[in-house]
Amino acid sequence: MSAIKHSILVVGGNGFLGSAVCRRALAKGLDVTSISSSGQPFRTPKGHVPGWTSKVKWHTASALEPSSYASLLDGKTAVVHTLGVLLEGGYKNSLKEGDIFSLGSSFVRNFGLESGNPLTRDKPGEYEVINRDSALRVFETYKAAAPQEDAGKTFVYVSAEDVFRPFVPKRYIDSKRHAEEEISRHCGEISPAAPIRDVFIRPGLMYHPHLRPLTTPLAVLLDISSRLHHKPPLGLYGMLPSSILRSIASRPQGGSNFTSPQSVSSTTPAASAGDPSSLESLANLLEVPPIHVDQVADAIVEVIRNRPDVRGPVGVEAMRNIIGWRREGEEGPRYTKEQPATL
């Protein structure tokens, strides 16, 4: 167990994942502070305020305005950035309330839209502002607030696996990867004697049967798919759906626009559902298991408390290894290409 008394700041602590991080961190004895636009404690879909919220310090602040939270960073051993949007134009209330028709409309509006409204194409959209810029602003503020002699700081950025295209624009994953690249670059510029450790959490589909009931049916299907791809029936490996998609994606006609799912994001406009990079993303969707939001939160807390060796991208399999979760029938941790090299 860590001998350090950790004190963390959760950006977006009253949200879906942020609230789980706050709750699990409190359970492990961490001091927890949250900032959000409302400054209000987490509420369940029915409007209840859980008892654990009384132990969190809730503050109103904007991640894009450092002056609104810089004073809260003093003494913080870790910052966890959980803000993010999957679809532009608003969808979270529909997801929270289980309104499948409104949620479907949000996907239809966003489907295949890669460059946004042509009237505002040169202006940053929600993806760039929330997924990228807010994270960079918080990181820069944390870096400036950390004393040079004070080592052992951790910045956790909740990123994502590339599993949602073409159902969401490529700008979504681009904004996540751009944030990772910039944070990693800034960490490399810090004196090795006093590093800020950068950790990029990459979940696929996060689900919760009560807080996000609409995610459960899809999670069940994706779990079946990931199990099939993890341990395919004898002789069917090359005939699995993801293998077929990757085979199509690797054909020469992909040309210079082909993007590997493991490579950094391109800044060029993404293509349609038939583009090889979208097919790779669909293949990832079939292979990457869904993960309960509490498991993601547990992995984040464990990385902060007891795993100073972990940094860089942390995929779903790596998260499960960190918290000691195993697939049925496995005798030990299973390490995959998602696992960061330092794990």
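Being a predicted model, the structure only gives us computed values, none of them experimental.

A. Seen up close, the overall build of the chain. Broken down by element type, the chain carries ten helices and nine strands. Taking all contacts inside the chain whose residues are at least 6 apart in sequence as the whole, residues at least 24 apart take part in 72%. Put simply, the chain shows about 16200 Å² of open surface, and 57% of that area lies on carbon and sulfur atoms.

B. Molecular detail of the sheet that holds strand E5 (residues 153-158). Strand order in the open sheet formed by seven strands is E3-E2-E1-E4-E5-E6-E9, with parallel pairing between adjacent strands. The sheet is open, and its two borders are formed by strand E3 (57-60) and strand E9 (312-314), each paired with just one other strand. Mean inter-strand twist for the sheet, computed between neighbouring axes without regard to direction, equals 20°. Strand direction decides the pairing type here: strand E1 (residues 7-11) and strand E4 (residues 78-81), joined by four bridges, are parallel. Paired with Leu 9 across the two strands is Val 79, which belongs to E4. Its contacts with the sheet place helix H9 (residues 293-306) against E1, E4, E5 and strand E6 (196-201), and it is angled at close to 165° to E6.

C. Just the nonpolar core, in detail. Core analysis: the biggest nonpolar cluster contains 53 residues, and Ile 8, Val 32 and Ile 300 have the highest contact counts within it. In terms of residue count, the dominant contributor to this core is H9 (eight residues). The residues contacting Ile 300, other than those within four sequence positions of it, are Val 21, Val 80, Val 156, Val 158 and Ile 201.

D. Main features of the pattern of salt bridges. The full count for this structure, using the stated rule, is 18 salt bridges. With a shortest N-O distance of 2.7 Å, Arg 23 and Asp 294 are connected by a salt bridge. Separated by 271 residues along the polypeptide, Arg 23 in helix H1 (residues 16-27) and Asp 294 in helix H9 bring together distant segments of the chain. Looking at Arg 23, the relative accessible area reads 26%, which means it is partly exposed. On the accessibility criterion, Asp 294 (13% relative accessible area) is buried. The residue Arg 185 makes a salt bridge to Glu 182 at a minimum N-O spacing of 2.8 Å.

E. Broad picture of the packing of helix H4 (residues 126-145) against helix H5 (residues 170-189). Relative to each other, H4 and H5 sit at 15°, their axes nearing to 8 Å. Viewed along their axes, H4 and H5 adopt a mutual orientation that is roughly parallel. For H4 against H5, the interelement crossing comes out right-handed. Each of Tyr 127, Glu 128, Asn 131, Arg 132, Leu 136, Phe 139, Glu 140 and Lys 143 in H4 lies in contact with H5, whose residues at this interface are Arg 171, Tyr 172, Ser 175, Lys 176, His 178, Ala 179, Glu 182, Ile 183, His 186, Cys 187 and Glu 189. When its residues are assigned to classes, the contact of H4 with H5 shows seven nonpolar, four polar and eight charged.

F. Broad picture of the packing of aromatic side chains. Scanning all chains against the criterion turns up six aromatic pairs. Consider the rings of Phe 42 and Trp 52, whose centres lie 6.0 Å apart with planes at 20°: the pair is stacked. Of this pair, Phe 42 sits in the loop between strand E2 (31-36) and E3 while Trp 52 sits in the loop between E2 and E3, and the two are ten residues apart along the sequence. The class for Phe 42 is buried, based on a relative accessible area of 10%. Owing to a relative accessible area of 17%, Trp 52 belongs among the buried residues under this scheme. Residues Tyr 127 and Tyr 172 carry aromatic rings whose centres are separated by 6.0 Å and whose planes lie at 65° to one another, so their mutual orientation is edge-to-face. Here the residue Tyr 127 occupies a position in helix H4, and Tyr 172 occupies one in helix H5, the gap between them amounting to 45 residues.

G. Representation of the environment of Tyr 142. Summarising the element assignment, Tyr 142 is placed in helix H4. With 64 residues separating them along the chain, Tyr 142 and Ala 78 place their C-alpha atoms 9.1 Å apart.

Calculation criteria
Residues numbered from 1 in each chain as written. Predicted model: local features only at pLDDT ≥ 70, side-chain atom pairs only at ≥ 80, totals over all residues. Heavy atoms only, no water. Helix = DSSP H or I, 4+ residues; strand = E, 2+ residues; numbered from the N terminus. Contact = heavy atoms within 4.5 Å. Areas by Shrake-Rupley, 256 points an atom, 1.4 Å probe, with all protein chains shown as cover. Pairing = 2+ DSSP bridges. Axes fitted to C-alpha atoms, helices over the stretch in contact; angles between N-to-C directions. Core = buried A, V, L, I, M, F, W, Y, C linked by side-chain atoms within 4.5 Å. Buried < 20%, exposed > 50% of the residue type's maximum accessible area, 1.4 Å probe, protein only. Salt bridge = Lys/Arg side-chain N within 4 Å of Asp/Glu carboxyl O. Parallel < 35°, antiparallel > 145°, perpendicular 65-115°, else oblique. Left-handed = near helix turned anticlockwise from the far one by under 90°. Nonpolar A, V, L, I, M, F, W, Y, C, P; charged D, E, K, R; others polar. Phe/Tyr/Trp six-rings, centres within 6.5 Å; stacked < 30°, edge-to-face > 60°.

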